[in-house]
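# Structure at a glance
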Amino acid sequence: ERTSLLVDLPPLRLPLVSNVLLKTLARLEWYLKEVIPLFLIGTAVMFVLEKTGLLAWLIHAGEPLVAGWLGLPPDASAAFIMGFLRRDFGASGLFVMQSQGMLSSAQVVVAMTTVTLFVPCIASVLMIAKERTWQIAAGIVALIFPLAFLVGGLLNRLLHLTGWGAS
């Protein structure tokens, strides 16, 4: 026997203000207990890297990959490192470079595609480690970073082959 393709929808009612407030407060409490400490840890890691000089070393170490494979100015390496530590810092760094005329349209596409494919930020990695395991978080990072750079570099080559990437 054929079944009808109609799905019964429950009656739509206005939500009770008390229910909305209760759920909002529960979510806010969860956010304050679970997420804020991870952001603080991420900020502390960034502070330690900057104060020890490791941040400058990481930026310098990434320049050949960023400039050679992705076809971006070496200064974009800082935006990628900062993008892992705090996603909004990476995007704002690339925006500043583009607004100063340091990036062509093709370079913006390559940079934003690569940054988008990254693990969102260190706080996300910490959350993955907390919800799963450190091994899974490390595995995800070990897979995602090379994949993001692979796709970004291939996109750079494709744009140059099509003539869109020509400066």
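Remember, predicted model here, so these are calculated numbers, not experimental data.

### Points about the overall build of the protein
Of regular secondary structure, the protein possesses seven helices and zero strands. Secondary structure of the protein in N-to-C order comes out as α-α-α-α-α-α-α. Taken over the C-alpha trace, the protein has a radius of gyration of 22 Å; the compact-globule value for 167 residues is 15 Å, which it surpasses by more than 25%. Relative to its full complement of 167 residues, the protein shows a buried share of 29%.

### A short note on helix H5 (residues 105-117)
Look at H5: 19 Å from first C-alpha to last across 13 residues, which is about the 18 Å you get at 1.5 Å a residue. Residues Ala106, Gln107, Val110, Ala111, Thr114 and Val115 constitute the buried set of H5. Projection of H5 onto a plane perpendicular to its axis shows the buried side chains occupying an angular sector of 160°, all on one side. In H5, the exposed positions that point more than 90 degrees away from the buried face belong to Ser105 and Thr116. Considering only its buried residues, H5 is in contact with helix H3 (76-85), helix H4 (87-99) and helix H7 (134-161).

### Quick word on a nonpolar patch on the surface
On the surface, Leu25, Leu28, Trp30, Tyr31, Leu32 and Phe39 cluster together into a nonpolar patch covering about 600 Å² of accessible area. Of note, Leu32 is situated in helix H1 (residues 17-52).

### A short note on the packing of H4 against H5
Across the interface, H4 lies against H5 with an axial gap of 11 Å and an inter-helix angle of 180°. Regarding the angle of H4 to H5, the classification is roughly antiparallel. Where H4 approaches H5, its residues Arg87, Leu94 and Gln98 are matched on the opposing element by Val108, Ala111, Met112, Val115 and Thr116. Its residues placed into classes, the contact of H4 with H5 shows five nonpolar, two polar and one charged.

### A word on the packing of aromatic side chains
Scanning the entire structure with this criterion turns up four aromatic pairs. Between Phe80 and Phe149 the ring centres are 5.8 Å apart and the planes differ by 45°, which places this aromatic pair in the tilted class. Placement of Phe80 in helix H3 and of Phe149 in helix H7 is noted, with a sequence separation of 69 residues between them. An identical accessibility class is assigned to Phe80 and Phe149; each is buried. Ring centres of Phe118 and Phe145 lie 4.7 Å apart, and the angle between their planes is 50°; on these two criteria the pair is classed as tilted. Linking Phe118 in the loop between H5 and helix H6 (122-131) with Phe145 in helix H7, this pair joins segments that are 27 residues apart in sequence. The residues Phe118 and Phe145 share a single accessibility class, namely buried. Through a chain of ring-to-ring contacts, the aromatic side chains of Phe80, Phe118, Phe145 and Phe149 assemble into a single cluster.

Cut-off values and rules
Residues numbered from 1 in each chain as written. Predicted model: local features only at pLDDT ≥ 70, side-chain atom pairs only at ≥ 80, totals over all residues. Heavy atoms only, no water. Helix = DSSP H or I, 4+ residues; strand = E, 2+ residues; numbered from the N terminus. Rg over C-alpha atoms; globule rule 2.2 N^0.38 Å. Buried < 20%, exposed > 50% of the residue type's maximum accessible area, 1.4 Å probe, protein only. Expected span 1.5 Å × (residues − 1). Arc of directions from axis to C-beta. Contact = heavy atoms within 4.5 Å. Patch = residues over 30% accessible without salt bridge, like charges linked within 9 Å, V, L, I, M, F, W, Y side chains within 5 Å. Areas by Shrake-Rupley, 256 points an atom, 1.4 Å probe, with all protein chains shown as cover. Salt bridge = Lys/Arg side-chain N within 4 Å of Asp/Glu carboxyl O. Axes fitted to C-alpha atoms, helices over the stretch in contact; angles between N-to-C directions. Parallel < 35°, antiparallel > 145°, perpendicular 65-115°, else oblique. Nonpolar A, V, L, I, M, F, W, Y, C, P; charged D, E, K, R; others polar. Phe/Tyr/Trp six-rings, centres within 6.5 Å; stacked < 30°, edge-to-face > 60°.

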